[in-house]
Structures are given as C-alpha cells and as structure tokens.
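Commentary on secondary and tertiary structure
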Amino acid sequence: LAYIEKKITLPAPQISVETPHQSWPAHMWEGLKYVARHPGIGPLLSLYVLTSICVRPFVELLPALAAGVFARGAEGLATLSSSIGIGAMIGGIWLAQRGETRGLTILTLIAGIVMALATLGLTITNNFYVAVGLTTIAGAFLVMSGAGTQTMVQIAVDDSMRGRVMSMFGMIFRGGSALGALIIGAISEGTGLRIPLAIGAVLAVVANCWFIYRRHAMINALESLKAKISYV
C-alpha cells in the first residue's frame, strides 16, 4: 500500500472561489457582452434571432395559411401540422445519427437557408399538396437549424457563462417566433399573409448566405479544439 501511495499522484483539490453577488441585470449584461465579443456564438445567435422572427412564425401562422391561403380549414391545418411533425422527426433522427460536431456549423447555416426557401415556397404555391411537402421539408430543417445552433453554442461557450448564454438562447427560442408571428400578422392585415412571410424568408436566405461567406471565422471559433476561449 505504501508503494502504491508513492506511485499515485492525486489531483490537487478544486477550490471554489465565490464571486461577488451581482444583480440579474448585471449578469444579463455580462452575458450580452460575452456573446457580442465571441466570433462564433455572436453571429450564430444573431442569425438565430433573425430566423426566429422572420421564418419560424410560419408554424404559428399555419391556421391562417390553411384557411386563408389554401381554403382547407381544420382538416388542412391538421395535415400541415402533422407534416411539420413528421419532418421534425426525420430531421432530428438524421442529425442525431451523425455522431460528430465537425461540419455542424455549415450544416446549421445551410439548414436555415433550406427552411427559409421552403417557407418562401409556401407563399408562392397554391397547390395544397405541394404545401404539405414544403412544410415537411421546413419542419426537418427547422430542427436541424435549432438543434445545430444549440449544440454549437453549448460546445463553444465558456463554463462561467453557460447559464447566461443558454438563457439567451432559450429566450430567443421561446419568444422569437411569437414576436415574429405578431409582427407578420400585423403587417398581413394590410398586405395579406404571403408578402410579409416572403420578405422574412428572403431576409433569412440573404443573412445565412452572408454568414456562409464568412464561415471560416465561425468554424474556427466553434468547432476547433481551442474553440473554448474566454471572452469575458
């Protein structure tokens, strides 16, 4: 036993250092500064805000699409909602079986483009069955975009900022689509539903393409072995 004790080097005990108590606005402000300084998380969350407001509201606006655009009523709404669910299952299963994070940044950006294009298609077609196919595609890539964003943020965020940054992600996830539905719904009172949805989809496509052009800095900050850098 004495011989074993000499050979084994135990790690030094971890000493927790208490930080001064801060109010929640101060914590929130620190989180915002951290996200703004991070070359990967900042652009990724900014893009997720835009996507959540401009594209994801098509889910909340399905009743208006089913009744006002395709004249299908409750039965049409059920079919469109089910197609989104089926697409979401397919997208989630496919993403889960990848088993690695390499390439996930570009995949997340491409997923945002495909979801926006599928939404744009909804504003163009008058064929209900084409719309069912488009909502299935949109549901699949909606999950890929959201889960991909959350995964990359979780990997790259500094442990001391994890709670604050993920709280911001949660606020975007829960509130972004609701805010977007409110804005698009208000605009549609004067223009109809197709125009504001189409404008939002085009904005999302342009933004995702811009970040794909600048993808190398994001990939280095999110996927590299040294990605976990403190920007506090």
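These figures come from a predicted structure and were not determined experimentally. (Residues numbered from 1 in each chain as written. Predicted model: local features only at pLDDT ≥ 70, side-chain atom pairs only at ≥ 80, totals over all residues. Heavy atoms only, no water.)

What follows covers the overall build of the protein. Scanning the protein for helices and strands turns up 10 helices and 0 strands. Starting at the N terminus and walking to the C terminus, you meet the elements of the protein as α-α-α-α-α-α-α-α-α-α. Total accessible area on the protein is roughly 12,800 Å²; 67% of this is exposed by carbon and sulfur atoms. (Helix = DSSP H or I, 4+ residues; strand = E, 2+ residues; numbered from the N terminus. Areas by Shrake-Rupley, 256 points an atom, 1.4 Å probe, with all protein chains shown as cover.)

Structurally, the position occupied by M89 is in helix α5 (residues 73–96). Residue class for M89 comes out exposed when judged on its relative accessible area of 56%. (Buried < 20%, exposed > 50% of the residue type's maximum accessible area, 1.4 Å probe, protein only.)

Further remarks concern a nonpolar patch on the surface. Taken together, the side chains of M28, W29, L32 and M171 present a nonpolar region at the surface, about 430 Å² in accessible area. Within the secondary structure layout, L32 lies in helix α2 (residues 24–37). Residue L32 is classed as partly exposed on the basis of its relative accessible area, which comes to 39%. (Patch = residues over 30% accessible without salt bridge, like charges linked within 9 Å, V, L, I, M, F, W, Y side chains within 5 Å. Salt bridge = Lys/Arg side-chain N within 4 Å of Asp/Glu carboxyl O.)

Further remarks concern the packing of helix α4 (residues 62–69) against α5. Contact geometry of α4 with α5 gives a least axis separation of 9 Å together with a crossing angle of 135°. As the angle between them shows, α4 and α5 are arranged oblique. Handedness of the crossing formed by α4 with α5: right-handed. From α4, L62, P63, A66 and A67 reach across to α5, where they touch G73, G76, L77, L80, S81 and I84. Grouping the constituent residues of the contact of α4 with α5 by class yields 7 nonpolar, 3 polar and no charged. (Axes fitted to C-alpha atoms, helices over the stretch in contact; angles between N-to-C directions. Parallel < 35°, antiparallel > 145°, perpendicular 65-115°, else oblique. Left-handed = near helix turned anticlockwise from the far one by under 90°. Contact = heavy atoms within 4.5 Å. Nonpolar A, V, L, I, M, F, W, Y, C, P; charged D, E, K, R; others polar.)

This next bit is on the pattern of salt bridges. Inspection of the entire model under this criterion finds 2 salt bridges. Its salt-bridge partner being R164, residue E30 comes within 2.6 Å of it at the nearest N-O pair. With E30 in helix α2 and R164 in helix α8 (residues 162–191), this pair connects stretches of sequence that are 134 residues apart. With a shortest N-O distance of 2.7 Å, R162 and D159 are connected by a salt bridge. Overall, the relative accessible area of 23% leaves R162 in the partly exposed class. D159 sits in the exposed class, given a relative accessible area of 52%.

Looking now at the nonpolar core. One recurring pattern in soluble globular proteins: nonpolar side chains tend to sit buried together. One finds Y34, V35, I41, L45, V153, V165 and L222 to be the most contacted residues of the largest nonpolar core, which totals 27 residues. At the level of elements, α2, α3 (41–54), α6 (104–124), α7 (128–156), α8, α9 (194–213) and α10 (215–222) are the ones that each hand at least two residues to this core. Setting aside chain neighbours within four positions, we find L45 in contact with V35, T149, V153, V165, F169 and I172. The next biggest cluster of nonpolar side chains, apart from the first, holds 19 residues, and it includes F70, L122, A138 and I184. (Core = buried A, V, L, I, M, F, W, Y, C linked by side-chain atoms within 4.5 Å.)

For the rest of this paragraph, the subject is α9. For α9, which comprises 20 residues, the first-to-last C-alpha distance of 29 Å matches the rise-based estimate of 28 Å (1.5 Å per residue) to within 8%. Listed in full, the buried residues belonging to α9 are P196, L197, A198, G200, A201, A204, V205, A207, N208, F211 and I212. On its buried face, α9 sits against α3, α4, α6, α8 and α10. (Expected span 1.5 Å × (residues − 1).)

The next point concerns the environment of G170. One can find G170 in helix α8. Given the relative accessible area of 26%, G170 is considered partly exposed. For the pair formed by G170 and Q150, sequence separation is 20 residues and the distance between their alpha carbons is 9.4 Å.

For the rest of this paragraph, the subject is the packing of aromatic side chains. Overall, the coordinates contain 5 aromatic pairs when judged by the stated rule. Geometrically, the ring pair formed by F169 and F173 is stacked, given 6.3 Å between the ring centres and 15° between the ring planes. One end of the pair, F169, and the other, F173, are both in helix α8, 4 residues apart, so they sit about a helical turn from each other. Residue F173 is classed as partly exposed on the basis of its relative accessible area, which comes to 35%. The rings of Y48, F169 and F173 are connected pair by pair, giving a single aromatic cluster. (Phe/Tyr/Trp six-rings, centres within 6.5 Å; stacked < 30°, edge-to-face > 60°.)

Moving on: unusual backbone geometry. Backbone geometry places A71, a non-glycine residue, at a positive phi of 50°. Checked against the element boundaries, A71 lands in the loop between α4 and α5.

What follows covers the packing of α6 against α7. Taken N-terminus to C-terminus, the directions of α6 and α7 make an angle of 150°; their axes are 8 Å apart at the nearest point. Our classification of the angle between α6 and α7 gives roughly antiparallel. Judged by the sense of rotation from one axis to the other, the crossing of α6 with α7 is left-handed. A breakdown of the residues in the contact of α6 with α7 according to their chemical character gives 14 nonpolar, 9 polar and no charged.

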